[in-house]
Amino acid sequence: MNDSITLPTYPDQDLAELSPAKLIDIVIEDHDRVPRNVIEECARRGDSMTEYLRQLHEDDFLWLEREDELDEIADGIWWLRLHAVMILGQISSEQAGLLMVELMRRMSQEEDDNLQDWLAGYWSALFQNKPDTVLPSLRALCEDKSLDWYIRATAIEAEIRLAAKQGIVVLEQALAWLAGIATDESDNWELRLSAGNTLLDYPRPEYRSMLESLADRQSGWGSHFGRDDIQQAYSDTKNKPERFTNPWKFYEPEAITQRQIRWREEDEKENQRSLNGDSVYPNNPYNPYYDNEPYIRPEPKIGRNDPCPCGSGKKYKKCCLAKE
């Protein structure tokens, strides 16, 4: 099956002669098949690429609504949002870090859950090369209660990892700030539990009773942690390894090929279901085959707002996503 999948390739010397705009044209055209050397060439442009991406962001080009789901350019612009973050993640400047924070805020405001799902777990690695001057803007996003809890939670993890890089004093201050979020009764419950989860990565005696209290208030599906998790965390005081430490594996040829195979197989199965009149969610008004319209698979397969596949009737983000 791999033999029928052709991946785009570009010689390094040709890419080196292109302007930031021409490089981004390639990124848009190739969707999720962009080779790694294209992303690295974009990152090598540093400030000029950062400013070009900022212009696309401020002009709302990155956030064009996809009126026609079959439009290849519109689809490429959606993928550009992900690639823009990946490019900025390789640029070590303050400007790149601040723009990443702005993109995080905007993807939450636009309710682009698919994009948030693709990047979840990677933010800590993407911010690791950024200077500490980015911390205040990242913290302001974490504290912005007008945003969805999910993007705030992912920002918190990045904030703590970045603080840890500054040394023990800055880390302890950041953990105290995080404990304040976890105990804030006026804040979102899911966010508070996520904050508790992050505190378990850095177990400190002064926060244990508070974490136990949070654990005791959880029940049923979607519990973030329990007493057993707390006991385990405090028994092993080593900081837990960071997940997804290399976001740029996304651009390796094998990863790209496997995505194309998976997309094709899933599309074939869904088209067959459509021809058979079957439905994944027969009682759901957002049925992918509703009104017999062509169904374009969302990315990733299960979105945070989709019904949870466990059958609980809850949204995925309120159920098994937290456990995973």
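Here, every reference points to the structure presented above.
Residues numbered from 1 in each chain as written. Predicted model: local features only at pLDDT ≥ 70, side-chain atom pairs only at ≥ 80, totals over all residues. Heavy atoms only, no water.

Peer 1: Hey, could you run me through the overall build of the chain in this one?
Peer 2: Per the secondary structure count, the chain includes 16 helices and 0 strands. Buried residues in the chain amount to 48% of all 324 residues. Once local pairs closer than 6 in sequence are excluded, the contacts in the chain between residues at least 24 apart make up 68%. Of the roughly 16,100 Å² of accessible surface on the chain, a fraction of 47% belongs to carbon and sulfur atoms. (Helix = DSSP H or I, 4+ residues; strand = E, 2+ residues; numbered from the N terminus. Buried < 20%, exposed > 50% of the residue type's maximum accessible area, 1.4 Å probe, protein only. Contact = heavy atoms within 4.5 Å. Areas by Shrake-Rupley, 256 points an atom, 1.4 Å probe, with all protein chains shown as cover.)

Peer 1: What am I meant to see in the side chain of R54 here?
Peer 2: With respect to the secondary-structure elements, R54 resides in helix α4 (residues 47–58). A polar contact of 2.9 Å, which involves the side chain of R54, links it to the side chain of E102. Other than its neighbours up to four places away in sequence, R54 contacts Q95, L99 and E102. (Polar contact = N/O pair within 3.5 Å; in protein donor to acceptor, adjacent residues only side chain to side chain.)

Peer 1: I tried to follow the environment of G121 on my own but got confused; where do I start?
Peer 2: The residue G121 is located in the loop between α7 (113–119) and α8 (123–127) in this model. Here the alpha-carbon distance between G121 and A158, two residues 37 residues apart in the chain, equals 8.9 Å.

Peer 1: What should I look at first to understand the packing of aromatic side chains in this one?
Peer 2: Two numbers describe a pair of aromatic rings. These are the distance of the centres and the angle of the planes. With the rule as written, the count across this model stands at 8 aromatic pairs. On the basis of an interplanar angle of 85 degrees and a centroid distance of 4.9 Å, the ring pair of W78 and W79 is categorised as edge-to-face. A single burial state applies to W78 and to W79, both of which are buried. A ring pair is formed by W118 and F250, whose centres lie 5.9 Å apart and whose planes are at 90 degrees; its orientation type is edge-to-face. A residue pair is termed long-range when its members are at least 10 positions apart, and W118 in helix α7 and F250 in the loop between α14 (227–235) and α15 (253–276) qualify at 132 residues. On the basis of relative accessible area, W118 is assigned to the buried category, the value being 15%. According to the relative accessible area criterion, F250 is buried, its value standing at 10%. (Phe/Tyr/Trp six-rings, centres within 6.5 Å; stacked < 30°, edge-to-face > 60°.)

Peer 1: Is there a simple way to think about the nonpolar core in this case?
Peer 2: Across soluble globular proteins, nonpolar side chains have a tendency to be buried as a group. Counting 81 residues, the largest nonpolar core has I24, L53, L82, W123, F127, I160 and L199 as the members making the most contacts within it. In this structure, L82 is in contact with L115, W118, L119, F250 and Y251, ignoring residues within four places of it in sequence. (Core = buried A, V, L, I, M, F, W, Y, C linked by side-chain atoms within 4.5 Å.)

Peer 1: Where do I start with unusual backbone geometry in this structure?
Peer 2: Most peptide bonds take the trans form, and the phi angle of most residues other than glycine is negative. One non-glycine residue, H31, adopts positive backbone phi at about 55 degrees. Of note, H31 is situated in the loop between α2 (20–30) and α3 (36–44). Positive phi values are uncommon outside glycine, yet E111 reaches one of about 55 degrees. You can call E111 exposed: its relative accessible area is 64%.

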